[in-house]
Amino acid sequence: MFDNNIYNDWGFKESPFSTKPLHSNETGDNLLVGRDDDIRKLALKLVSSDAAVCLDGPVGAGKTSLANVTIYKGMRNFLEKGVPSPLLLPCARTFQIKPEQSADDLKFEILIEVAQALIDNACKFQYGIKIAGSIEMNAWLNSPLINQWGEGVATILANGDGGQVNEGAGFSKSGFEKVLTNWLGKIFPDGRNGGVVCVIDNLELLEKSAEARKKIENLRDTLLTIQGIKWILCGAHGILQGVITSPRLAGYLQEPLPIKPLTLKDAGELVNRRVSFFRMECGPTPYLPLSNGDFHTLYTILQHNLRICLSYAEDYCMHISMRGLKPNSEAEKSQIFFSWLKERAKGIYEGMRPHAGQTAINLLCLAASSSDMGGEFSPGDYEKLGFSSLQAMRPHVKTLEDCGALSAQKDDLDQRRKTISITGKGWLIYWYKVTLAQD
Ligand SMILES: Nc1ncnc2c1ncn2[C@@H]1O[C@H](COP(=O)(O)OP(=O)(O)O)[C@@H](O)[C@H]1O
Ligand SMILES: [Mg+2]
């Protein structure tokens, strides 16, 4: 009962619809579709400047995956070519700035991962390549510190909160930082040599760009200037635009790289790629209850939010399996899939109806159908959305936000920033309204 999940029964090693970001590893590299141009630009930005790279794009579009896989490709490139190619080393995880966390705690949390990245990768490199011409790099790989630190950092990690350092292992917090920065400076004496790349993710969760700005400003002198660490900051809803205008950060952040959702063609390719990657070698022929065309249409309905699209596909697979169904032909799959989706959308719509009046629904539909808004609008757009003032529009935005159809970021800096966006639920409600009208 516990040994097989639904995907095993359908011939897969694991779910082809996982919503996790792709990692900085070979699997991530294999699963990433499209993005050739973005990878090229991101790589150039990473190796050409010491300033942090900013990725600005909608939630669920693939920013974290793009960052992770590009870093991995940078490491592979070095493994193939050696010095003088720059070496980009990935951290095992990405970081998120929590409102309540102090700059010092965040710094320590990140430095531990950076040390870990150096240690983990040292083993890989020791056997993998000749690092001719780099005395510093050889010193790193052959340093007895690697073993010592292997234990030390593990101990620090085991302590959990990052606040306590096991003095017995020979490290104090400041001593640790000193040795690490010294080490980084030697391995990566210049930005052109590369660095350990840290991704600070989901800046939009800080909501206010003033808050995000303050937090990044606080990192300026403690983290952003450490030689040998490179930075990628990811944010949605234009939050990075508010951050880069800070005079205190001038020269520390590069102009954001806009990341667009995957094209329809690439989204279709994503399913093929995952099916061939996750299929069992000696299992049954892989089976999925929805066709590529269905996934394609779902991606369109959800306005190219890949994460939500994958999550609905997964929900649907669960639904089919729980009912013991197994549609086979494309037509049968589509028919069952879309009646399920309609039921889902209807449920969401009817659940919202007692709370949201006609004005709120109209606001949602107008924002969804406006081609120049693309599902995102700013408080200043009230006239385009049929209101005489911002005050008149505000309660309806609030209602839709409470129902989960809109996500609104509070912003105190710029009334024009597109801080209100339609969520997956919102798009589904809109689709339901439109298809109902056509029925
Ligand atoms: N280029 C891509 N190829 C294949 N899958 C992708 C790609 N970009 C994103 N994904 C998948 O889409 C989902 C959302 O990606 P993620 O990187 O988390 O988006 P974001 O960071 O913009 O919110 C994840 O499940 C990820 O695996
Ligand atoms: Mg992300």
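Peer 1: Help me understand the overall build of the protein chain in this model?
Peer 2: Along the backbone of the protein chain there are 17 helices and 9 strands. Going through the 439 residues of the protein chain one by one, you find that 49% of them count as buried. A separation of at least 24 residues holds for 76% of the contacts in the protein chain among residues at least 6 apart in sequence. Surface summary for the protein chain: the accessible area is close to 20300 Å², and the carbon and sulfur share equals 51%.

Peer 1: What is the right way to read the pairing of strand β1 (residues 53-56) from this model?
Peer 2: Strand residues, when the strand is regular, have side chains that alternate between the two faces of the sheet. Covered by surrounding structure in β1 are V53 and L55 together with C54 and D56, the residues of both alternating faces. Two elements, β1 and strand β5 (residues 229-235), share 4 bridges in a ladder whose sense is parallel. From the neighbouring strand, C54 faces β5, where its bridge partner is L233. Both β1 and strand β6 (residues 257-258) contribute to a ladder of 2 bridges, which runs parallel. Each residue of the ladder has a partner; that of D56, found in β6, is P258.

Peer 1: It is not clear to me how the site of ligand 1 should be interpreted in this structure. Could you clarify?
Peer 2: Around ligand 1 sit 23 residues, and of these G60, K63, T64, S65 and R307 come closest. Separating an oxygen atom of ligand 1 from a side-chain N or O atom of R274 is a distance of 3.0 Å. Protein coverage of the free-state accessible area of ligand 1, which is 550 Å², stands at 99%. Elements supplying a minimum of two residues to the shell around ligand 1: α4 (63-81), α11 (264-278) and α13 (306-322). Counted by class, the shell around ligand 1 contains 12 nonpolar, 6 polar and 5 charged residues. No fewer than three residues from each of domain 1 (35-258) and domain 2 (264-352) sit in the shell around ligand 1.

Peer 1: How should I be thinking about the environment of I6 in this particular structure?
Peer 2: Mapped onto the fold, I6 is located in helix α1 (residues 6-9). Distance in space between the C-alpha atoms of I6 and S321 is 6.7 Å, their sequence separation being 315 residues. Setting aside anything within four residues of it in sequence, one finds I6 in contact with C317, M318 and S321.

Peer 1: Explain the side chain of K333 to me, please; I cannot follow it from the model alone.
Peer 2: Its place among the elements puts K333 in helix α14 (residues 330-352). In this structure K333 is buried but unpaired, with E330 as the nearest side chain of opposite charge at 5.5 Å. When residues no more than four places from it in sequence are discounted, the contact partners of K333 are Y287, L288, P289, L290, S291, D294, Y316, P327 and N328.

Peer 1: Mind showing me how you'd approach the pattern of salt bridges here?
Peer 2: Where charged atoms from two side chains of opposite charge come close, those side chains can pair. One pass over the full model with this rule turns up 17 salt bridges. Salt-bridge contacts for K98 lead to E109; the nearest nitrogen and oxygen are separated by 3.8 Å. Placement of the pair is K98 in the loop between β3 (95-96) and α5 (103-128) and E109 in helix α5, with a sequence separation of 11 residues. Under the relative-accessibility criterion, E109 is labelled buried at 19%. As a salt-bridge pair, R248 and D221 come within 3.9 Å of each other at their nearest N and O atoms.

Peer 1: When you look at the pairing of strand β4 (residues 194-201) in this model, what are you seeing that I'm missing?
Peer 2: The element β4 is extensively covered by neighbouring structure, given that 8 of its 8 residues are classed as buried. Two strands pair when backbone bridges link them, and strand β2 (residues 87-90) and β4 are joined in this way by 4 bridges, in the parallel orientation. The residue of β4 that forms the bridge with L87 is G194. By the bridge criterion, 2 bridges tie β3 to β4 in an arrangement that is parallel. Looking at the pairing, F95 lines up with I200 of β4. Looking at chain direction, β4 and β5 are connected through 5 bridges and run parallel. Within the sheet, the bridge partner assigned to V199 lies in β5 and is I232. Crossover β4 to β5 through helix α9 (residues 209-224) is right-handed.

Peer 1: Explain the sheet that holds strand β7 (residues 376-377) here, please?
Peer 2: Strand pairing in a sheet relies on backbone hydrogen bonds. The paired strands run either parallel or antiparallel. Strand order in the open sheet made by the 3 strands is β7-β9-β8, with antiparallel pairing throughout. Where the open sheet ends on each side, the last strands, each with one partner, are β7 and β8 (406-408). Across 2 bridges, β7 lies against strand β9 (residues 420-422) in antiparallel orientation. Bridge pairing in β9 places F377 opposite I420.

Peer 1: Just checking my understanding: could you explain the packing of α13 against α14 for this structure?
Peer 2: Two packed helices can be described by the angle between their axes and the distance between those axes. It is at 11 Å that the axes of α13 and α14 come closest, and there the two elements cross at 110°. Relative to α14, α13 is oriented roughly perpendicular. Residues Y312, D315, Y316, H319 and I320 of α13 form the contact with α14, whose own contacting residues are K333, I336, F337, W340, R344 and I348. A class-by-class count of the residues in the contact of α13 with α14 yields 7 nonpolar, 1 polar and 3 charged.

Peer 1: In this structure, what is going on with the nonpolar core? I would like to understand it.
Peer 2: The tendency in soluble globular proteins is for nonpolar side chains to be buried as a group. With 81 residues, the main nonpolar core has W10, F17, L55, I232, F377 and L428 as its most contacted residues. Setting aside its immediate chain neighbours within four residues, F17 contacts Y7, R274, L288, L290, F295, L310, A313, E314 and C317. Core analysis: the next-biggest nonpolar cluster, separate from the first, contains 45 residues, A117, L180, C198 and L219 among them.

What counts, and where the lines are drawn
- Residues numbered from 1 in each chain as written.
- Chains lettered and ligands numbered in written order.
- Predicted model: local features only at pLDDT ≥ 70, side-chain atom pairs only at ≥ 80, totals over all residues.
- Heavy atoms only, no water.
- Helix = DSSP H or I, 4+ residues; strand = E, 2+ residues; numbered from the N terminus.
- Buried < 20%, exposed > 50% of the residue type's maximum accessible area, 1.4 Å probe, protein only.
- Contact = heavy atoms within 4.5 Å.
- Areas by Shrake-Rupley, 256 points an atom, 1.4 Å probe, with all protein chains shown as cover.
- Pairing = 2+ DSSP bridges.
- Near = heavy atom within 4 Å.
- Polar contact = N/O pair within 3.5 Å; in protein donor to acceptor, adjacent residues only side chain to side chain.
- Nonpolar A, V, L, I, M, F, W, Y, C, P; charged D, E, K, R; others polar.
- Domains from an automatic or database assignment.
- Lys, Arg positive; Asp, Glu negative; His and termini not counted.
- Salt bridge = Lys/Arg side-chain N within 4 Å of Asp/Glu carboxyl O.
- Right-handed = clockwise from strand over helix to strand, strands pointing away.
- Axes fitted to C-alpha atoms, helices over the stretch in contact; angles between N-to-C directions.
- Parallel < 35°, antiparallel > 145°, perpendicular 65-115°, else oblique.
- Core = buried A, V, L, I, M, F, W, Y, C linked by side-chain atoms within 4.5 Å.

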